[in-house]
Amino acid sequence: MLPLHNNINAFKMKRTKIADLLAEEKHGYEVVVKGWVRTFRSNRFIAINDGSTINNIQAVVDFDNTDEALLKRVTTGACVSVTGELVESLGKGQKYEIQVSAIEVLGDADAEKYPLQPKKHSLEFLREIAHLRPRTNTISAIMRIRHNVTYAIHKYFNDNGFYYINTPIITGSDAEGAGEMFTVTNFDLNNIPKDENGAINYKDDFFGKQTNLTVSGQLEAELAAMALGQVYTFGPTFRAENSNTTRHLAEFWMIEPEVAFADLDENMDLAESFLKYVIKHVLDNCQDDLAFLEARLLDEEKSKPQAERSEMKLTEKLQFVLDNNFVRLSYTEAIEILKRSKPNQKKKFQYLIDGWGADLQSEHERFLVEKHFKCPVILFDYPKEIKAFYMRQNDDGKTVRAMDVLFPGIGEIIGGSQREERLDVLKEKMKDFNIPEEEMWWYMDTRRFGTAPHSGFGLGLERLVLFVTGMGNIRDVIPFPRTPDNAEF
Ligand code: 4AD
Ligand code: MG
């Protein structure tokens, strides 16, 4: 037999993970478990968690035969290694426990100073200790689900013949044209080179031009799709929009598929099939974590007035998305519905809809999804003025082949479009949007050489994780959130 380290399919350690122990059919043998102490009760029962599952394992110590000074160090937050026999547990809700024969404290945690005590902490407080919060049930459940979402995304695209493309993080272009970019420079900020007119001399900067952190990998993904056919990017994106909401981050992860020869209908089909696949993967593979988050939500709901309580449990909501077709509706039809809607008539919307052309706010999107259709909605064919320059113009001259996927509790989860593949139309659009041709020569080249209809979209990873975990604030579904005035850790 090959030594273990030569077996490329195996990574096995001497300690056993709690998830693996709890899945074991046999017991009555010695195990080693390493993890962090959640509680130590009655000088006898240590609840240990090692992150492999939401479930703790109970380690039972024989107080009379254990060094007392050592047991004093077994406090909430300490890291321990326990050795002992795996036995059936008499306690309710747990299959096995460990009869401890040896215990070692790998890392003490000063009980006076350790901020995570075994009680309910607010999510706001946990954000201040984001370096420790993965040790809570809530955040660790979210992080395991986030991992599963990410895995399912790569699997979906791989199994459907897409290639993963890494697009640049430092770029000279503003894909969305929204101007919400973070500058990348190595200028001495106290001595920025300027020309005789006082303008910054970007020629002297590191890249010899003005550069920023990317807001989207789309434009480069389009280039790749025009060679490889079906591609996707999955990387960090950065937006300096000063919106302090529960849905916005300054640094978030975006998944952007781009498909040659696909029109907008196929783009909508892809988005719907993709979202359903990922949600199903989570339902099938994250049952313990979902059950915990569902119970947590039910508990939270109890403190809300009846009218604000959700009609569905978390897993019911996820199943509902799988079982129903998304409603597909043109922007024009949506405006008609919104104009006639109660909150618009009664002036309850913050932004009233008075006619065609208005940009939809999240209150409007959520009305359509949560109150009117009670179902995910894909809106398409938006006015060209409120969407990006690269979207394909419709024959009416007024609208573009844009689509937004709207989800309950979230609003926009996906934004995408069929792309303008006609060079002459694209040139006109760039003129309208004041985008200099010389900066986009490479993008236009794909329209010059072998252009083809193509489509794609962008999914905000954190918005999807918000949805599948039922959490209310995007800061709680990314390990270290970056938002205005906050870049700690
Ligand atoms: O609608 P957006 O701006 O679309 C694009 O960037 C296109 N280039 C995508 C494409 O067609 N390839 O952003 C796409 C998605 C949004 O629907 C939303 O889910 C998420 O990215 N998103 C954010 N998520 C968190 N924080 C922010 N500040 C976000 N801005 C957008
Ligand atoms: Mg958008």
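Reading guide: rules and limits
Residues numbered from 1 in each chain as written. Chains lettered and ligands numbered in written order. Predicted model: local features only at pLDDT ≥ 70, side-chain atom pairs only at ≥ 80, totals over all residues. Heavy atoms only, no water. Near = heavy atom within 4 Å. Polar contact = N/O pair within 3.5 Å; in protein donor to acceptor, adjacent residues only side chain to side chain. Areas by Shrake-Rupley, 256 points an atom, 1.4 Å probe, with all protein chains shown as cover. Helix = DSSP H or I, 4+ residues; strand = E, 2+ residues; numbered from the N terminus. Pairing = 2+ DSSP bridges. Domains from an automatic or database assignment. Contact = heavy atoms within 4.5 Å. Buried area = accessible area lost by both parts, 1.4 Å probe. Salt bridge = Lys/Arg side-chain N within 4 Å of Asp/Glu carboxyl O. Core = buried A, V, L, I, M, F, W, Y, C linked by side-chain atoms within 4.5 Å. Buried < 20%, exposed > 50% of the residue type's maximum accessible area, 1.4 Å probe, protein only. Axes fitted to C-alpha atoms, helices over the stretch in contact; angles between N-to-C directions. Parallel < 35°, antiparallel > 145°, perpendicular 65-115°, else oblique. Nonpolar A, V, L, I, M, F, W, Y, C, P; charged D, E, K, R; others polar.

## A word on the site of ligand 1
Contacts to ligand 1 come from 24 residues, most closely from Glu176, Gln218, Arg239, Glu256 and Glu412. In the model, a nitrogen atom of ligand 1 is placed 3.0 Å from a nitrogen or oxygen of the Ser216 side chain. Within the backbone of Ile413, one N or O atom sits 2.8 Å away from an oxygen atom of ligand 1. Considering ligand 1 on its own, with 630 Å² of exposed area, one finds that the protein chains cover 94% of that surface. When contributions to the shell around ligand 1 are tallied by element, the ones reaching two or more residues are strand E11 (251-260), strand E15 (411-418) and strand E16 (454-460).

## A word on the sheet that holds strand E8 (residues 183-184)
The strand order across the open sheet formed by 3 strands is E7-E9-E8, and the pairing between neighbours is antiparallel. Every other strand in the sheet has two partners, leaving strand E7 (170-171) and E8 as the edge strands with one partner each. Direction of pairing for E8 relative to strand E9 (residues 211-213): antiparallel, over a ladder of 2 bridges. Across the sheet, Val184 pairs through a bridge with Thr211, a residue of E9.

## Notes on the domain arrangement of the protein chain
Entries for the protein chain in the domain assignment read domain 1 (10-107) and domain 2 (135-180 + 215-326 + 375-476). Placing a centre on the C-alpha atoms of domain 1 and another on those of domain 2 gives a separation of 42 Å. In this assembly, 8 residues from domain 1 lie in contact with 8 residues from domain 2. At the boundary of domain 1 with domain 2, total buried surface from both sides reaches about 630 Å², with 41% on carbon and sulfur atoms. The largest per-residue losses of area from domain 1 upon contact with domain 2 belong to Trp36, Arg38 and Ile54, which jointly make up 72% of the total buried on that side. Put simply, domain 1 and domain 2 have 0 salt bridges between them. Put simply, domain 1 and domain 2 have 5 residue pairs in polar contact (both at pLDDT 80 or more) between them.

## Comments concerning the nonpolar core
Within the largest apolar cluster, 88 residues are counted, with the highest numbers of intra-cluster contacts made by Val149, Phe407 and Ile413. Split by domain, the residues of this core number at least three in each of domain 1 (10-107) and domain 2 (135-180 + 215-326 + 375-476). The contacts of Val149, once residues within four sequence positions are left out, are Val278, Val282, Leu461, Leu464, Val465 and Val468. By size, the runner-up hydrophobic cluster in this structure holds 30 residues, among which are Val215, Val400, Leu406 and Leu426.

## Describing the sheet that holds strand E4 (residues 79-88)
Read around the barrel, 5 strands follow the order E1-E2-E3-E5-E4 and close on themselves; strand pairing throughout is mixed. Each strand of the sheet is rotated relative to its neighbour by a mean of 55°, with strand direction disregarded. Note: strand E2 (residues 45-49) against strand E3 (residues 57-60), 4 bridges, orientation antiparallel. Looking across to E3, one finds that Ala47 is bridged to Gln58.

## Digging into the packing of helix H8 (residues 314-323) against helix H14 (residues 461-469)
Two elements in contact, H8 and H14, have axes separated by 8 Å at closest approach and are oriented at 120°. Classified by the angle between their axes, H8 and H14 sit oblique to one another. For the pair formed by H8 and H14, the contact residues are Leu314, Lys317, Leu318 and Val321 on the first element and Phe467, Val468 and Thr469 on the second. For the contact of H8 with H14, the per-class residue count stands at 5 nonpolar, 1 polar and 1 charged.

## Quick word on the pattern of salt bridges
For the coordinates displayed, the defined rule picks out 28 salt bridges. The salt bridge partner of Asp108 is Arg73, with a shortest N-O separation of 2.8 Å. One end of the pair, Asp108, is in the loop between strand E5 (96-107) and helix H3 (123-128); the other, Arg73, is in the loop between helix H2 (68-72) and E4, with 35 residues separating them in the sequence. For Asp445, the salt bridge goes to Arg448, with nearest N and O atoms at 3.0 Å. Here Asp445 and its partner Arg448 are both found in helix H13 (residues 441-448), 3 residues apart, which amounts to about one turn of the helix. The partly exposed category is assigned to Asp445, whose relative accessible area is 22%.

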